[in-house]
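Close look at the chain arrangement
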Amino acid sequence: MNLARPPLAAVSQVFRFWLTLRRLLPRRKCRTFGVQGAEKGPRIEKVYVINLDREPGRWSKMEQELRHILDSSGADLLSLAERHVAVDANAFSQEPPKDADIVPFYTLGDQLFVEPQPLVLPTRLELNTPIRMSRAEIAVARSHINVWRQVAASNHAYVLILEDDVWFHSGFTRYLDQAWDEVLTECDNKGRFDVLYVSYLEVKHGAPKTFLSSKVFRPVRGLWYLSGYVLSREGAEKLLRLLPCHGPIDLWINHQFDVLDVRATKRPLISQRRDAGSNNSYSILPTLTTIGAITSEGASLFNIRPTEQPVFAFGPEGSGQSSLAMALSMLGYRCCSDLQALPAPELERLLEGRGARVFDAYVNIGSLDANARALRSRYPKAKFILTAAKGITADDTFLSVEEGLNGTDIAVLHSEEPNRWQVVCEHLRCAPPTCSFPTLKDLGQRPILDGTIEADQDPKSKRPRRDKSPWIVEPRKWWQGIRSLPTEDEQMGTGTFVRINDCLECLDERRWLLRSDTFTDNLALFRPSNVEFSSGIGAALSIRREPLGVRDYTAASLVSRDQYLFGKFEAIIQASNVPGVVTGFFLHRNSPRQEIDIEIAGNRPDRLLVNVFYNPGGEGANYDYGYRGAPSYIELGFDASKASHRFAIEWSPCEIRWSVDDHLVHRRAIWDPTPIPHLPMALHVNSWLSRSTQLAGRINNRRLPATTIIGSIVLEANSVVSSPGSDGLRRSS
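An account of the accompanying structure is given in this report. Bear in mind that the values here come from a model prediction, so they are computed numbers and not experimental data.

Brief notes about the overall build of the chain
Counting its secondary structure elements, the chain contains 15 helices and 36 strands. Within the chain, the fraction of its 733 residues that count as buried is 57%. Counting only contacts in the chain whose residues sit at least 6 apart along the sequence, the fraction spanning at least 24 positions is 79%. For the chain, the computed accessible surface area is about 30,900 Å², with 50% contributed by carbon and sulfur atoms.

Written as structure tokens, this is what we have:
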């Protein structure tokens, strides 16, 4: 499991410059490599490099690395190398099922065996809760297993297996020769080894080990990566007999160390390149975050921007237009879709060919139907997509659009096409995501409303820094979002409409869970004992100074068991005024991350922070980018810590409204500045300690414990699914 951060540009440049200088030095001979001879003893006879077909650049860099080292005969290692085609996660049309090679589930207990967390409270951990491997993790595991089969079927005693993003340290040849001699000397008495790690990352608190010589040790557990290792033919046969693999391949193999003969060089001789980020996605991260094992969060922002633009898509109703619009968003397009017309300022800029537009993709926009020919002329490099579906007949309007686009760069996307990502991404010349193509019910063309938001209904608010992503519109004087009416299907919603009025005199376990985890920017660990219920008061949420290993403080959080899609959510809250403390009332989900916030910081209880996080995709899509969201400050005109006040979020398909004491204080339409979250979310109310002094001030321990009072929670919403509570992973704005 490689948790390395994406490389900084300066580090990448220095690294590439150093590699260039290194190639000017004489090439070194490594006698460990070469064809085995009776008088010379066993050698590494073959090098397999795992490489994706869509990553020819990585293979080219590996060729350069392999040419820099010579084998025992004086030939470069490239002559011993064979490119092994990696399994591509993008080729999975759905979540891969369990089979004889891989069971795509593992547990937190499996993870903690490899890398224990000594500061985590064991009694708080759900060690046996299943965690599903990501598609990338499954693809990596399959790639290695396929190589093992090739090794087991070969005549080679030992092979070196490499992933395609590695480089050889400058002392690689000398150190490996010394380590190889020591291994063979020890093996004279015990036979051949199975695995020799030459590239690894030792766990944070150290891997238990036994040193076999000055250059080689035997690990008990605690080595991450399988980016470079020597494997014997017998070792490959053993690994295949030990299948199926449970969890990421580098995690699973640690669990086999007790039945394998595993060695490792005293220090890594091969490392992953510093000028390329990892393409993997790590299924363990949300779980490690909730137990406090990860204590920092950076700007995990979507940094891939499409190059083929603008994109225009047309199609008859019911042909998959809404699904295509979501797919384009997942590719990094800022996509406007499913409207009878574009807002006038955007339409004017689009037809005039002006660059200062909001969007770079337009799907199912009624006002563009009559302008298809003009768009073709104005944007000769534009990409056009037509959607079609079996049994749906095109109307006259669409036939006219189709005729006007004859001879342009068009792709036709059928809703029955088994690999829709391939059709779209080949047309747009980009790599598909690792998650499934979205399947949404077509929204149709929603009418837009004229007019602007009244100034007295939307007080002037201060805007802190926002995430930079395709799904947040930068401020423009002429842009106020898209005010639209929902379609009839959107208005009705899905699920069961419920009304709840809970005075929180006791814990209703049918509705609420008390959290016992944390998140990255929280200095405290949530504990159920920090929530006290009482008649006539409600729930008191406390923050205390209590050193618990992973955190030095405890906090309180209440989360709904159900998830909701649209509705009105109210809470009567008396916030804390202790600096560092944040009082939160919000809706939240992960995969993809979406969120609608109300927060009050302890150092400024006279100010409200409202926020929206938006990421595209359907249920399970791994889009959790951003850590600031799109926040705004609202001056309350009173101190929310002096008395209780009613705070509300009204969430509809086309608008979000925030109110205080039944007075509207802020509202956001579609793309003002984000799309409206469209997936079910759990409702949270909490009190926590922020790492950010900018957000809430510096904590004053002398003023602890701090208390927030929640007098009641009232909601009228569509209850969609029952939630186990673990999806409540909360990160700060």
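Here's the deal with the pattern of salt bridges
Counted by the stated rule, this structure contains 36 salt bridges. Linking Arg27 and Asp76 is a salt bridge whose minimum nitrogen-to-oxygen distance equals 3.9 Å. Of the two residues, Arg27 is situated in the loop between α1 (9-22) and β1 (28-29) and Asp76 in the loop between β3 (69-70) and β4 (81-85); the sequence distance between them amounts to 49 residues. You can call Arg27 partly exposed: its relative accessible area is 45%. Across the salt bridge formed by Arg593 and Glu595, the nearest N and O atoms sit 3.1 Å from each other. Note on accessibility: Arg593 and Glu595 belong to one class, buried. A single salt-bridge network, built from bridges that share partners, covers Asp502, Asp508, Arg510 and Arg511.

Thoughts on the sheet that holds strand β18 (residues 335-339)
The strand order across the open sheet built from 5 strands is β18-β19-β17-β20-β21, with neighbouring strands paired in parallel fashion. Two strands lie at the open edges of the sheet, namely β18 and β21 (410-414), each paired on one side alone. Along the sheet, successive strands turn relative to each other by an average axial angle of 15°, direction set aside. Here 4 bridges tie strand β17 (residues 311-314) to strand β20 (residues 383-388), and the two strands are oriented parallel to one another. Across the sheet, residue Phe314 finds its bridge partner in β20, namely Leu386. The strands touched by helix α9 (residues 321-330) within the sheet are β17, β18, β19 (361-365), β20 and β21, with β18 carrying the most contacts at an inclination of about 165°. Across the face of the sheet, helix α13 (residues 420-428) comes into contact with β17, β20 and β21 while running at roughly 170° to β21.

A look at the pairing of strand β32 (residues 645-651)
Of all 7 residues making up β32, 5 are buried, and the element is well covered by its neighbours. One ladder, built from 7 bridges, connects strand β27 (residues 553-574) with β32; its direction is antiparallel. Note on β32: the bridge partner recorded for Ile573 is His645. The pairing of β32 with strand β33 (residues 655-660) spans 5 bridges and is antiparallel. Looking at β33, one finds that Ala648 is bridged to Ser659. Hairpin remark: β32 followed by β33, antiparallel, with 3 residues in the connecting loop.

Here is what the cut-offs are and how they apply
Residues numbered from 1 in each chain as written. Predicted model: local features only at pLDDT ≥ 70, side-chain atom pairs only at ≥ 80, totals over all residues. Heavy atoms only, no water. Helix = DSSP H or I, 4+ residues; strand = E, 2+ residues; numbered from the N terminus. Buried < 20%, exposed > 50% of the residue type's maximum accessible area, 1.4 Å probe, protein only. Contact = heavy atoms within 4.5 Å. Areas by Shrake-Rupley, 256 points an atom, 1.4 Å probe, with all protein chains shown as cover. Salt bridge = Lys/Arg side-chain N within 4 Å of Asp/Glu carboxyl O. Pairing = 2+ DSSP bridges. Axes fitted to C-alpha atoms, helices over the stretch in contact; angles between N-to-C directions.

Read these as geometric descriptors, not functional statements.
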